[in-house]
Amino acid sequence: MNTLHTIIMLCAAGVAASGSARAEEWTLDRCIDYAVENNISVKSAALRIRSSENDITAAKDAFLPTLDASASESFNFGRGLTSENIYANRNTSNFQWGVSLNLPIFQGLGEYRRLKVAKASLQQMLYEHEAAKDNVALNVISQYLQVLYCREVEQSASSQASYSAYEVERRRVLAEEGKIAEADLYDAEAQAAQDRLQVITAQNDTQIALVNLANLLQLKSVEGFDVAPLDEPDPLLPRPETVFDDAMRINNGILGARQAIRTADENISLAKSGYIPTLSFNAGLGSSYYRLSGLDNDPFSRQMRNNFSTYFGFSLRVPIFDAFSTRNSVRTARIRHLDAGLQLEQLESDLYKNIRLAYYQASGARERYLTSEETLAKTRQSFEATREKYDLGRATPQDFELAKNNLFRTEVSRIQARYEFLLRHRILHFYRSGM
């Protein structure tokens, strides 16, 4: 019987090893790097950076003069006013061209402040881009550990199924020798079927976890995709106050929210530019050609020379009353500034809560894990003792099943505590040092 049990365990281990050998194992760091590079939300944040860079270019270009060229041709048919100040039937045509230059000299600091807004907005987009990476990394860490957790539960379920398979073979031999009733064999087969169903469920959970992780990585298929085990972390946990202080210095979400306040400050200054006068320089040149049907007209080249003209001047605009447009813009900018402050306050509160929750959850999970390690060792000893007694006929099948189920529940409890500790520990480390 012991030989049969050993063969079953080796076969199960061989099948698991051959299945994992066909798949490429990805480390956690590789998963994070790949997800950050290919995640859609990160790519969208990168596009917003490019848009902000274009806004800076546009703000700088606003300091440059504008140069325009124009040309027009018009025709008039029927009665019209002549040089003798009488109306007569005349067909006329008129051609005009011109070039104009506009140079902003002082725009009420509007263009300068618009450039500052664009630069502040770019810095905000850079922080938000890094924050998007951080969110993806946290999601990958969580899902990566979920895969490992499901895999260990699957292994534990497979171990239970192997015990049930061993028991079926044992009772089949006893039933053939007439030492037990066939009903006892049927009970063992029913229990083995339940344990196999449990293995199938655990395998399905593992596959679902792999699919979710592959989706985070934007992989098209999970074929040949697997994850590598993690090293055990340092069991010591940093104090939540220390983690929070470090996070306030490096957390990209917090830095982005602070930058949003600076951007709102610059927008207030930009809105106030509407109260300031503006001054610009204008210059131009042009000429025209006029033709009247039925009369002798000077040739095109002569009219172009004779009608050539140039001009230049200055234009001053003093805002007196703009229907409260500037006032309303300033009020809107101030409201957005207040909203940015509230957003920062909310982010700081959420970060503080998340760090403390992660710390206490990690502490509780560590204690449960250490306790479950001791409990598992004792439960395994109890199971082995019950199995020996059962093999010798000193324990009932119900005692054996009870011991086996207790062992499985204890193993699952230990696995849950272990991976909850791993997850919370990783979250605290992430908040403290980033990616």
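In what follows, the structure referred to is the one given above.
Residues numbered from 1 in each chain as written. Predicted model: local features only at pLDDT ≥ 70, side-chain atom pairs only at ≥ 80, totals over all residues. Heavy atoms only, no water.

### Quick word on the sheet that holds strand E8 (residues 309–317)
Condition: Pairing between strands is defined by DSSP: at least two bridges between them are needed. Numbering of helices and strands runs from the N terminus; a helix is a DSSP stretch of H or I covering at least four residues, while a strand is a stretch of E covering at least two. Here an angle of 0 to 180 degrees is reported between the N-to-C directions of two axes, which are lines fitted to C-alpha atoms, with helices fitted over the stretch in contact.
Here we have four strands laid out as an open sheet, ordered E2-E5-E7-E8, and antiparallel in their pairing. The open sheet terminates on both sides in strands that have one partner only, identified here as strand E2 (66–76) and E8. Across the sheet, the mean angle separating the axes of adjacent strands is 20 degrees when strand polarity is ignored. Here E2 runs beside strand E5 (residues 92–106); their pairing, made up of 11 bridges, is antiparallel. Paired with serine 74 across the bridge in E5 is asparagine 94.

### Points about the pattern of salt bridges
What counts here: Salt bridges are defined by distance alone: a side-chain nitrogen of Lys or Arg within 4 Å of a carboxyl oxygen of Asp or Glu. Working definition: with a 1.4 Å probe on protein chains only, accessible area under 20% of the residue-type maximum means buried, over 50% means exposed, and in between means partly exposed.
Across all of its chains, the model carries 22 salt bridges by this definition. Across the salt bridge formed by glutamate 384 and arginine 387, the nearest N and O atoms sit 2.8 Å from each other. With glutamate 384 and arginine 387 both in helix H9 (residues 325–391), this residue pair falls three residues apart, about one helical turn. Of the residues examined, glutamate 384 reaches a relative accessible area of 28% and is grouped as partly exposed. On the basis of relative accessible area, arginine 387 is assigned to the buried category, the value being 14%. One salt-bridge network, held together by shared partners, links Glu152, Glu373, Arg414 and Arg418.

### A word on the nonpolar core
The following threshold applies: We call a set of buried Ala, Val, Leu, Ile, Met, Phe, Trp, Tyr and Cys residues a nonpolar core when their side-chain atoms join them within 4.5 Å. Here, residues are in contact when the closest pair of their heavy atoms is within 4.5 Å.
If you look at the biggest cluster of nonpolar residues, it comprises 64 residues, and the most contacted ones within it are Val140, Tyr144, Leu213 and Leu217. When residues in this core are grouped by element, the largest group, 15 residues, is from helix H4 (residues 110–176). Those residues in contact with tyrosine 144 that lie beyond four places of it in its chain are Trp26, Thr27, Leu28, Cys31, Leu213, Val227, Ala228 and Leu230. Counting residues in each nonpolar core, the second largest holds eight residues, with Tyr163, Leu376, Ala395 and Ala403 among its members.

### Brief notes about the packing of aromatic side chains
Formally: A pair of aromatic rings is counted whenever rings of Phe, Tyr or Trp (Trp by its six-membered ring) have centres within 6.5 Å, and the orientation is called stacked for planes under 30 degrees apart, edge-to-face for over 60 and tilted otherwise. Two conditions define a charge located above a ring, namely a distance within 6 Å from the ring centre to NZ of Lys or CZ of Arg, and an angle within 35 degrees of the ring normal.
The final tally for this structure, using the stated rule, is 14 aromatic pairs. Considering the side-chain rings of tyrosine 359 and tyrosine 360, the 5.3 Å spacing of their centres and the 75 degrees angle between planes classify their relative orientation as edge-to-face. Overall, tyrosine 359 belongs to the buried group, its relative accessible area being 11%. Using a relative accessible area of 45% as the deciding quantity, one classes tyrosine 360 as partly exposed. Taken together through their ring pairs, the aromatic side chains of Tyr163, Phe383, Tyr390 and Phe400 make up a single cluster. When the ring centre of tryptophan 26 is taken as reference, the NZ or CZ atom of arginine 30 above it lies at 3.8 Å. We note arginine 170 situated over the ring of tyrosine 390; from NZ or CZ to the ring centre the distance is 4.3 Å.

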